[in-house]
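Next come the chains, spelled out residue by residue.
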Amino acid sequence: MTRLIVAAAQMGPVARHEPRSAAVARMVALMRAAHARGARLVVFPELALTSFFPRWILEGDALEAWFEGPLPGPEARPLFETAAALGVGFVLGYAERTADGRHFNSALLVGADGQVIGRYRKVHLPGHDAPQPGRAFQHLEKRYFLPGDLGFPVFPAFGARLGMLICNDRRWPEAWRCLGLQGAELVCLGYNTPLDHTGHAEIDSLSAFHNHLSMQAGAYQNALWVVAAAKCGREEGSDMLGQSAIIAPSGQIVAMAAGLDDEVICAEIDLGMGRRYRETIFDLARHREPGAYRLIVERKGAGDPLPLSPAARGA
Ligand code: CDV
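Residues numbered from 1 in each chain as written. Predicted model: local features only at pLDDT ≥ 70, side-chain atom pairs only at ≥ 80, totals over all residues. Heavy atoms only, no water.

Chemist: Describe the layout of surface pockets, listing the residues and the values that go with them.
Modeler: The volume enclosed by the largest pocket comes to roughly 520 Å³. Along the walls of the largest pocket sit 13 residues, with His124, Trp172, Arg299, Lys300 and Gly301 positioned nearest its centre. Grouping the amino acids of the lining of the largest pocket by side-chain chemistry returns five nonpolar, three polar and five charged. (1 Å grid on protein atoms, 1.4 Å probe; cavity = no way out; pocket = protein on both sides within 12 Å on 5 of 7 lines; lining within 4 Å. Points joined across faces, edges and corners; volume = space filled by probe spheres on them. Nonpolar A, V, L, I, M, F, W, Y, C, P; charged D, E, K, R; others polar.)

Chemist: How would you sum up the site of the ligand? Please name residues and give values.
Modeler: In the vicinity of the ligand there are 13 residues, among which Glu46, Lys122, Cys167, Arg171 and Thr193 approach most closely. Between Lys122 and the ligand, the recorded distance is 2.7 Å, taken from a side-chain N or O atom to an oxygen atom. Summarising the interface, the protein chains cover 95% of the accessible area of the ligand, which totals 320 Å² for the free molecule. For the shell around the ligand, the per-class residue count stands at three nonpolar, five polar and five charged. (Near = heavy atom within 4 Å. Polar contact = N/O pair within 3.5 Å; in protein donor to acceptor, adjacent residues only side chain to side chain. Areas by Shrake-Rupley, 256 points an atom, 1.4 Å probe, with all protein chains shown as cover.)

Chemist: Tell me about empty space enclosed by the protein, residues and numbers included.
Modeler: Summary: where empty space remains is shown by rolling a probe the size of a single water molecule over the atoms. All told, the structure shown has two cavities of 30 Å³ or more when counted by the stated rule. Here the largest cavity defines a volume of roughly 60 Å³. Lining the largest cavity are 13 residues, with Ala107, Leu165, Ile166, Leu189 and Gly190 sitting closest to its centre. Taken together, the elements giving at least two residues each to the lining of the largest cavity come down to strand S3 (89-97), strand S4 (103-110), strand S7 (160-166) and strand S8 (186-192). Tallying contributions element by element places S8 first for the lining of the largest cavity, with three residues. Looking at the lining of the largest cavity residue by residue, the class counts come to nine nonpolar, three polar and one charged. (Helix = DSSP H or I, 4+ residues; strand = E, 2+ residues; numbered from the N terminus.)

Chemist: Kindly report on the packing of aromatic side chains, identifying the contributing residues and their values.
Modeler: One pass over the structure, following the stated rule, counts eleven aromatic pairs. Aromatic pair Phe44 and Phe90: ring centres 6.2 Å apart, planes at 75 degrees, arrangement edge-to-face. You can see Phe44 sitting in the loop between strand S2 (41-43) and helix H2 (60-64) and its partner Phe90 sitting in strand S3, a full 46 residues away along the chain. Across the pair, Phe90 and Phe44 agree in class, each one buried. Taken together, the ring pairs in this structure connect Phe53, Trp56, Trp66, Phe67, Tyr144 and Phe145 into an aromatic cluster. Residue placement shows Arg16 over the ring face of Trp56; its charged tip is 4.0 Å from the ring centre. Directly above the ring of Phe104 sits Arg121, whose terminal nitrogen or CZ lies 4.2 Å from the centroid. (Phe/Tyr/Trp six-rings, centres within 6.5 Å; stacked < 30°, edge-to-face > 60°. Buried < 20%, exposed > 50% of the residue type's maximum accessible area, 1.4 Å probe, protein only. Lys NZ or Arg CZ within 6 Å of the ring centre and 35° of its normal.)

Chemist: Tell me about the packing of helix H1 (residues 20-36) against helix H3 (residues 77-86), and please be specific about residues and values.
Modeler: Between H1 and H3, the shortest axis-to-axis distance is 9 Å and the interhelical angle comes to 15 degrees. Looking at the two axes, H1 sits roughly parallel to H3. For the pair H1 and H3, the crossing hand works out as right-handed. Only Pro78, Leu79, Thr82, Ala83 and Leu86 of H3 make contact with H1, whose side of the interface consists of Val24, Met27, Val28, Met31, Arg32 and His35. Class assignment for the residues of the contact of H1 with H3 results in eight nonpolar, two polar and one charged. (Axes fitted to C-alpha atoms, helices over the stretch in contact; angles between N-to-C directions. Parallel < 35°, antiparallel > 145°, perpendicular 65-115°, else oblique. Left-handed = near helix turned anticlockwise from the far one by under 90°. Contact = heavy atoms within 4.5 Å.)

Laid out in structure tokens, this is it:
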């Protein structure tokens, strides 16, 4: 039985002009607090080093300033050094600029020795590529990032098979299933969820419900643990959801943040719990029916309804 204490390090607002060094100092404090509670792995939010810049229209150097080259650079180094000194690993969301100048919304998995184990690049980019008239805050992820090109990798780490998702990915069952089919036991994810993200009050008022609904379903249907960390509170006038959570393969929330500021939540997780689900109700190899799914046409967008299958046509 592998047991592991994990932590979600929720972060309150990061101001537009707050230097990375200040955000990193907050993260180091959160990491120390998690370590004091026995955590071996700490999950930080999406784009944790800065304010959530896709809310603004930015060009050229003003845009480049939000991106990181190879990590750790000088400002993020204290986080990596603290991890190595404490023997704590972490997952860090950040805006990645590749050596050839491409931009991704990425997460880095760092081991307890402070060395990089692996990387994930966000696949499901929300928002728009052109500014939307009349919006109080833009959401320009499609303008600023390319869709992730690494698939949904699973890494052997911390005694588990570990995958990562980033924010909007959590709403897509395909993302969870890609990890579940690879036997992921633990999924780490960070998010920034503005409370006005659709602009439709009847949907936005359900933001907290949809957040947990998506992650609890992903956990249960794929028999894995979820550690999810929010960046939250009123950031530059934009209200963002908190409710960071640790979720069991049963779909039950075992820890949840209480406030809308920097806060650590921890849980001791039993990786064997996922195995019980994977060997019974969610034994994917035994119970899935890929043949019945073949009629699904892989394409982007809704478009015209799919043609009915021969069975549905009564043929
Ligand atoms: N950063 C995000 O990906 N935010 C999205 C909102 C815009 C829908 C989310 O899924 O929370």
